[in-house]
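Per-entry structural report
One-letter residues, chain by chain:
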Amino acid sequence: MIEDVTRARTAEERSIHRMHVIEGITRENFALYVTDIDRDAVEVYSQSEDEAGRGFVLSIVDDSQRDARRAYLENVVCEEDRDLVDSTMARDTLAAFFASGEDEMAITYRRLIDGVEQYVEARIIRLDGYEHTAVLAIRNTHAEMQEQLRQKRALQKALELAQHASAAKSTFLTNMSHDFRTPMNSIIGFANIALEHPEEPAVMTDCLKKIQKSSDHLLSLINDVLDVSRIESGVVELSEEGVDLLDFADDMRSLFSGEAMRKSIVFDVDTTGLRRRCVMADRQHLGQIMVNLIGNAFKFTEPGGRVSVRLCEYGGRQEKYGAHVPEGYGRFDFIVTDTGCGMVPEFLEKLFVPFERDGLGRANPTEGTGLGMPITKNLVELLGGSIEVKSEAGRGGEFTVTPPLKLASEGDGDDPCAVGATADRERDARTADRLAAERTAARNARGLEQPTDVPKAERFKGKRVLVVDDDELSREIVREILRSIGFAVEEAGDGEAAVEKALATEPGWYDGILMDMRMPRMSGDEAACAIRASAREDLRTLPIFALTADAFEEGRRRSHEAGMVAHITKPFKRAELLDLLEAHLS
């Protein structure tokens, strides 16, 4: 009797345990069936009020449930998944599953649950100890599938971006190789022609002029590629200073007035739309944007045409901007229009793609690099602004740059606008470097060389400079340029020799030093630091110019930290070098 009670209790406990197991499985699966194809039986263990699903499962072994099967497939299962569900959840498929010896198979499909299409998973699991019996468990996997699909889409997008970047890089390198080789071919070709005609001055002069023009284009290309690299790598640093927009506009007028006269183009700058003139902005990059746009307008405008620049400010309630302008900021438009050849619609779509150029096929390929517009767009976006373009073939174009500029206030300094004044900028060493580059850019007008006055030999008569470079040919080039305008020139082959020469001279002996950066024994910035550390007052304030092939921001930072007054990159423009010398030594 006691044994019977014990066995009954044990059986009850096992039954309760099985029920707990089933309940646990049921919490994960909203429907649970046991299917036996030997007995044509389906046992329902759990079913969450899913009568349509129950009839469908019964139809696997019961032909009388065909209508229920058809109704489930047509009214519940997503149309794209009906064939999959119909073929998998069938007697023949179950028989093949049992014959295969596999323990489990599963399908995922979409069906309606409470009127909403969701993903579910149906798993068929062989029941141990039974030859043709399996558990059919159906669970809602919609959240899991949505996450998987999200991850898949993210991975697909990342793959597409990587493939696009790879293709863009390949295209960029291919175009860059082509554009570098074109001027190099001209330089080498005309150099060979000149060497073959040493007794013909006219041929020699023509070849040298063409070599110089190709060299200018190659240098412009190198500088633009470096600009693109710096912007895309995120190493461009923004600085905020007081800018007088009227003074800024006058700079643009001065920079391009010579080009306007040379090409007989009407050039006007209109600032009547400005409500306030003093702002806080990155003057260097704002200036680069405008030089690129105005230079581009001149390049594609024929003599007798017009290039116009307009600066205007809009209030926060202006309809074109939608929302209010943030407190303390103004919305400004910098508009450049021209009456040039304009652009076809197909080219407008590619205007900001690197190396794309010449919307009508009229421009000389050597007049631009195809990088000016991508650089301009990247700089505008870096400043938090936008750029819009309107153009029609044969009717010119209009570029509108809209940067949000902080309005200058008393807290920004005693006279915020004074920071933008020309005299102050020229007294600032780093800005003097930029001004010289802008003057040169204005002369060249983005690839169009302009005549410049040759400096007189007495211009710097009585001035003495030390030229420091480990490359003898580089020293010779600088020496000949400086001697031609009156300088007395001394030389040193490395930084250590330069320090020794400087310390050995009498006070005031040198008026300036032109210093290469990368040299053996002692680098240029180390030499500059050593000279600045001297006890002599004249050496602590002596203008030292970096004249180097190091064009990256790190090199500029090192030269500035070493106390150099300007950073000139090789190959340099003669006019740029002379502008800097005049700014610091006159």
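Let us look at the structure shown here.

Cut-off values and rules
- Counting starts from 1 at the beginning of each chain's written sequence and moves along it residue by residue.
- pLDDT decides what is reported in this predicted model: residues at 70 or higher carry local features, side-chain atom pairs at 80 or more are listed and counted, and totals for whole chains, interfaces and linings draw on all residues regardless.
- Note that the side-chain values use all heavy atoms of the structure and ignore hydrogens as well as water.
- Each helix is a run of H or I in the DSSP string that is no shorter than four residues. Each strand is a run of E no shorter than two, and both are numbered from the N terminus.
- A contact between two residues is defined here by any heavy atoms of the two lying within 4.5 Å.
- Note on exposure labels: buried denotes an accessible area under 20% of the residue type's maximum, exposed denotes more than 50%, and partly exposed covers the range between, all computed with a 1.4 Å probe on protein chains only.
- Any pair of N or O atoms that falls within 3.5 Å is considered a polar contact. Within protein, one atom must be able to donate a hydrogen and the other to accept it, and sequence-neighbouring residues count only if both atoms are side-chain atoms.
- Within this analysis, the arc is defined by the directions that extend from the helix axis to the C-beta atoms.
- Of the grid points, spaced at 1 Å and generated over the protein atoms alone, those admitting a 1.4 Å probe that cannot get out make up cavities, while open sets with protein on both sides within 12 Å along at least five of seven lines make up pockets; any residue with an atom within 4 Å of a point is treated as lining.
- Grid points are joined across faces, edges and corners, and a volume is the space filled by probe spheres set on the points.
- Residues are grouped as follows: Ala, Val, Leu, Ile, Met, Phe, Trp, Tyr, Cys and Pro are nonpolar; Asp, Glu, Lys and Arg are charged; all remaining types, including Gly, are polar.

1. Observations concerning the environment of Pro-404
The residue Pro-404 is located in strand β13 (residues 404-407) in this model. Taking the C-alpha atoms as reference points, Pro-404 and Gly-385, separated by 19 residues in sequence, lie 6.2 Å from one another. In this structure, Pro-404 is in contact with Tyr-329, Gly-330, Arg-331, Leu-383, Gly-384 and Gly-385, ignoring residues within four places of it in sequence.

2. Section: the side chain of Arg-139
Along the chain, Arg-139 falls in strand β5 (residues 133-140). By relative accessible area, which is 13% here, Arg-139 ends up buried. Polar contacts involving the side chain of Arg-139 include one to the side chain of Glu-144, which spans 2.9 Å. The residues contacting Arg-139, other than those within four sequence positions of it, are Glu-28, Asn-29, Phe-30, Val-120, Glu-121 and Glu-144.

3. Remarks on helix α3 (residues 66-75)
All buried positions along α3 are accounted for by Arg-69, Tyr-72 and Leu-73. On an axial view of α3, the arc spanned by its buried residues comes to 95 degrees, and they lie on one face. Every exposed residue of α3 that faces more than 90 degrees away from the buried side is listed here: Asp-67 and Asn-75. Turning to α3, the residues buried within the fold contact α2 (51-58), α4 (82-88) and β3 (104-113).

4. Considerations on empty space enclosed by the protein
For the structure on display, the rule yields three cavities of 30 Å³ or more. In this structure, the largest cavity encloses a volume near 50 Å³. Taken together, Thr-35, Ile-60, Met-89, Leu-94, Ile-124, Ala-134, Val-135 and Leu-136 form the lining of the largest cavity. The greatest single-element share of the lining of the largest cavity, amounting to three residues, is contributed by β5. By residue class, the composition of the lining of the largest cavity is seven nonpolar, one polar and no charged. The volume enclosed by the second largest cavity comes to roughly 40 Å³. If you go around the second largest cavity, the residues you meet are Phe-30, Ala-31, Tyr-33, Asp-50, Gly-53, Phe-56, Val-57, Tyr-72, Met-89, Tyr-109, Arg-111 and Ile-138. Broken down by secondary-structure element, the contributors of at least two residues to the lining of the second largest cavity are β1 (31-36), α2 and β3. Top element by residues in the lining of the second largest cavity is α2. It accounts for three residues.

5. Examining the side chain of Ser-308
Structurally, the position occupied by Ser-308 is in strand β9 (residues 306-314). Judged by relative accessible area, which is 15%, Ser-308 ranks as buried. Separated by 3.2 Å, the side chains of Ser-308 and Asp-268 make a polar contact. With residues near it in sequence (within four places) discarded, Ser-308 still touches Asp-268, Ile-335, Val-336 and Thr-337.

6. A short note on unusual backbone geometry
Phi at Asp-40 takes a positive value of approximately 50 degrees, unusual for a residue other than glycine. Checked against the element boundaries, Asp-40 lands in the loop between β1 and β2 (41-47). Its identity is not glycine, yet Ser-264 carries a phi of approximately 55 degrees, on the positive side. Within the element layout of this structure, Ser-264 appears in the loop between α8 (245-263) and β7 (266-273).

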